[in-house]
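The residues making up each chain are set out below.
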Amino acid sequence: MTSLAATGFARPHRWLRTHPLAADSLLAALVLVLVLVGAYLGPHTERRPPGLPYVLLTAAACACLVVRRRRPRTVLALTCVLTVVATVVACDEGPPRTQIATSVALALYTIAARTERPTAWRIVAVTVAVLTGAVMLFGPPPWYAQENLGLFAWTGMAGAAGEAVRSRRAYVAAIEERAVRAERSREEEARRRVAEERLRIARELHDVVAHHIALVNVQAGVASHIMDSRPDQAKQALAHVRQASRSALEELRATVGLLRQYGDPEAPTEPAPGLGVLDQLVDGFARVGLSVDVTATSTVPGTPATGTGAAGAAAVIGPLPGAVDLTAYRVLQEALTNVHKHAGPGARAEVALLRRPGSLDLTVLDDGGGRPAAAPAAAPATAAEPGGGHGLIGMRERAVALGGICEAGPRAGGAGGFRVRAVLPLQARTGP
């Protein structure tokens, strides 16, 4: 029954909301009926019923309510004047007849519900005081009749009711605005996280593919060049191609596995690479002809001060936070890959690691190999350069993501070769 009643009233309610003029007309008619019924059936009606002038003035006051939403202040002024006139006209008909003030109460309610609080309360206070005083002064005696006191109370309560409705509407509107703003913020945060994740995965894919494919490309070229003259070395080069491609596939599978949904089988479980496997990275470049010297220094108390070689450097550096360890490995991998690709045959690379209590410094130097000093190896690629890569950009982005820096450029002093230096803080960033 409740649902049927709700459904039955829902349609008329929607129609009245979409037709405010018709709703106000019905309200004005209802107020007119209530005022006249109260005037004719009141406790003093047996002495003398209201005359025709009172009825006409009441009808005029109720008719003003039809435009109460369009001209609220004009309607309030007219209803107040008609109420005072009706009270004066009915002065000879016996006790005060203040039922007509219902139109004033509705006009006050409309103003209070649609006007800012300070202005609304000023209008309500002035209207209640002036209207009550005029009825007491010009209406039938005694001035302290209960009808006059009731007029003061009902008009004041009408203004308070309008203020309560206005406050509730403002509260609901504020809640809706906050909900919309929160939903918009959630969508923006989700888009930002998706963009960051795409950028991170893109960096991972570039680091994996660029390093191993560069090795495959070089070894394949060597095998093709010496296939007829030195088949044994060609087989060895092809074995290196196979090993590098297998490593690329494994790392690629682990990286792409990050895109899987929860619950997908065979999720990657291999740990991310770090400086603990630096010896494998160096050996991979040594097999393709790039000589890499690794040295490490530590200023952290309780750790070895210096170390040489990839294994010795890893022991000196010690354990690192996961993000710093992965970033350091990727920066070294990309820098050595650039040396191998651009420095030319016979190039040598030097890797220097410095472990401080709060940071890790990485420096990669190459001597330029067969390239002249005027054409430094692995010049930084930018978006403006045709065919520029994303390796150095990726290194910088990785370092900046941890709150560090990454610099790349020709070696100082006019010497041939290239220099890459990164400083990675060991503490997570606390700022934006």
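Quick caveat: nothing in here was measured; it's all calculated off a predicted structure.

Q: Is there a simple way to explain the pairing of strand E6 (residues 418–425) in this structure?
A: Looking along a regular strand, one sees side chains alternate from face to face of the sheet. Within E6, six of the eight residues are buried, leaving the element largely enclosed by the surrounding structure. In this sheet, E6 lies alongside strand E4 (residues 359–366) in antiparallel orientation, the contact comprising eight bridges. Paired with Leu362 across the bridge in E6 is Ala422. Bridge count between strand E5 (residues 405–410) and E6: six bridges; the pairing is antiparallel.

Q: Just checking my understanding: could you explain helix H4 (residues 72–89) for this structure?
A: Two residues of an α-helix separated by three or four positions point the same way, owing to the 3.6 residues in each turn. Its 18 residues place the ends of H4 26 Å apart at the C-alpha level, agreeing with the 26 Å of an ideal helix rising 1.5 Å per residue. Inspection of H4 places Val75, Leu76, Thr79, Cys80, Leu82, Thr83, Val84, Ala86 and Thr87 among the buried residues, and these make up the whole buried set.

Q: Please clarify how the packing of helix H5 (residues 102–114) against helix H6 (residues 117–138) should be interpreted in this entry.
A: When two helices pack together, their arrangement is given by the angle between their axes and by how far apart the axes lie. The contact between H5 and H6 brings their axes to 9 Å, and the two run at 165 degrees. It follows from the interaxial angle that H5 and H6 lie roughly antiparallel. Judged by the sense of rotation from one axis to the other, the crossing of H5 with H6 is right-handed. Note on element contacts: H6 touches H5 through Ala120, Ile123, Val124, Thr127, Val128 and Leu131, opposite Val104, Leu108, Ile111 and Ala112. Residues of the contact of H5 with H6, tallied by class, amount to nine nonpolar, one polar and no charged.

Q: Can you walk me through the layout of surface pockets in this structure?
A: Here the second largest pocket defines a volume of roughly 360 Å³. Listing elements by their share of the lining of the second largest pocket, those giving two or more residues are helix H1 (2–18) and H5. Considering each element in turn, the lining of the second largest pocket owes the most residues, four residues, to H5.

Q: Before we go on, may I ask you to explain the pattern of salt bridges in this structure?
A: Pairs can form between side chains of opposite charge once their charged atoms are near each other. Tallying each qualifying case throughout the model produces twelve salt bridges. One salt bridge in this structure joins Glu177 and Arg181, with 3.4 Å as the shortest N-O distance. Of this pair, Glu177 and Arg181 both sit in helix H7 (residues 146–226), four residues apart, which is roughly one turn of that helix. Owing to a relative accessible area of 39%, Arg181 belongs among the partly exposed residues under this scheme. Of the charged contacts in the structure, one is a salt bridge between Arg192 and Glu196, with a shortest N-O distance of 2.4 Å. Here Arg192 and its partner Glu196 are both found in helix H7, four residues apart, which amounts to about one turn of the helix. Since its relative accessible area comes to 37%, Arg192 is described here as partly exposed. Relative accessible area serves as the criterion here: at 43%, Glu196 is assigned to the partly exposed category. Salt bridges sharing common partners tie together Glu189, Arg192, Arg193 and Glu196.

Q: It is not clear to me how the sheet that holds E5 should be interpreted in this structure. Could you clarify?
A: Sheet strands pair via backbone hydrogen bonds, and the direction of the pair is either parallel or antiparallel. Spatial strand order, E2-E1-E3-E4-E6-E5: six strands in an open sheet with mixed pairing. The sheet terminates laterally at strand E2 (306–308) and E5, the two strands that pair on one side only. Neighbour-to-neighbour, the strand axes of the sheet open up by a mean angle of 10 degrees, direction not taken into account.

Q: Teacher, can you tell me more about the nonpolar core here?
A: Side chains that are nonpolar tend, in soluble globular proteins, to be buried together. Counting 45 residues, the largest nonpolar core has Val292, Leu332 and Leu353 as the members making the most contacts within it. With eight residues, helix H11 (residues 322–342) is the largest single contributor of residues to this core. Each residue touching Leu332, except ones within four places of it in the same chain, is listed here: Leu275, Leu278, Leu281, Val351, Leu353, Leu362 and Val364. Listed in part, the 30 residues of the second largest apolar core include Val31, Cys64, Val124 and Val135.

Q: When you look at the packing of H11 against helix H12 (residues 391–401) in this model, what are you seeing that I'm missing?
A: Interaxial distance between H11 and H12 falls to 10 Å at its minimum, and their mutual angle equals 160 degrees. Considered as vectors, H11 and H12 are oriented roughly antiparallel to each other. Remark: the crossing between H11 and H12 carries left-handed chirality. Residues Leu326, Thr327, Arg330, Val331, Glu334, Ala335 and Asn338 of H11 form the contact with H12, whose participating residues are Gly391, Leu392, Met395, Arg398 and Ala399. Here the residues of the contact of H11 with H12 are counted per class, giving six nonpolar, three polar and three charged.

Scoring rules and cut-offs
Residues numbered from 1 in each chain as written. Predicted model: local features only at pLDDT ≥ 70, side-chain atom pairs only at ≥ 80, totals over all residues. Heavy atoms only, no water. Buried < 20%, exposed > 50% of the residue type's maximum accessible area, 1.4 Å probe, protein only. Helix = DSSP H or I, 4+ residues; strand = E, 2+ residues; numbered from the N terminus. Pairing = 2+ DSSP bridges. Expected span 1.5 Å × (residues − 1). Axes fitted to C-alpha atoms, helices over the stretch in contact; angles between N-to-C directions. Parallel < 35°, antiparallel > 145°, perpendicular 65-115°, else oblique. Left-handed = near helix turned anticlockwise from the far one by under 90°. Contact = heavy atoms within 4.5 Å. Nonpolar A, V, L, I, M, F, W, Y, C, P; charged D, E, K, R; others polar. 1 Å grid on protein atoms, 1.4 Å probe; cavity = no way out; pocket = protein on both sides within 12 Å on 5 of 7 lines; lining within 4 Å. Points joined across faces, edges and corners; volume = space filled by probe spheres on them. Salt bridge = Lys/Arg side-chain N within 4 Å of Asp/Glu carboxyl O. Core = buried A, V, L, I, M, F, W, Y, C linked by side-chain atoms within 4.5 Å.

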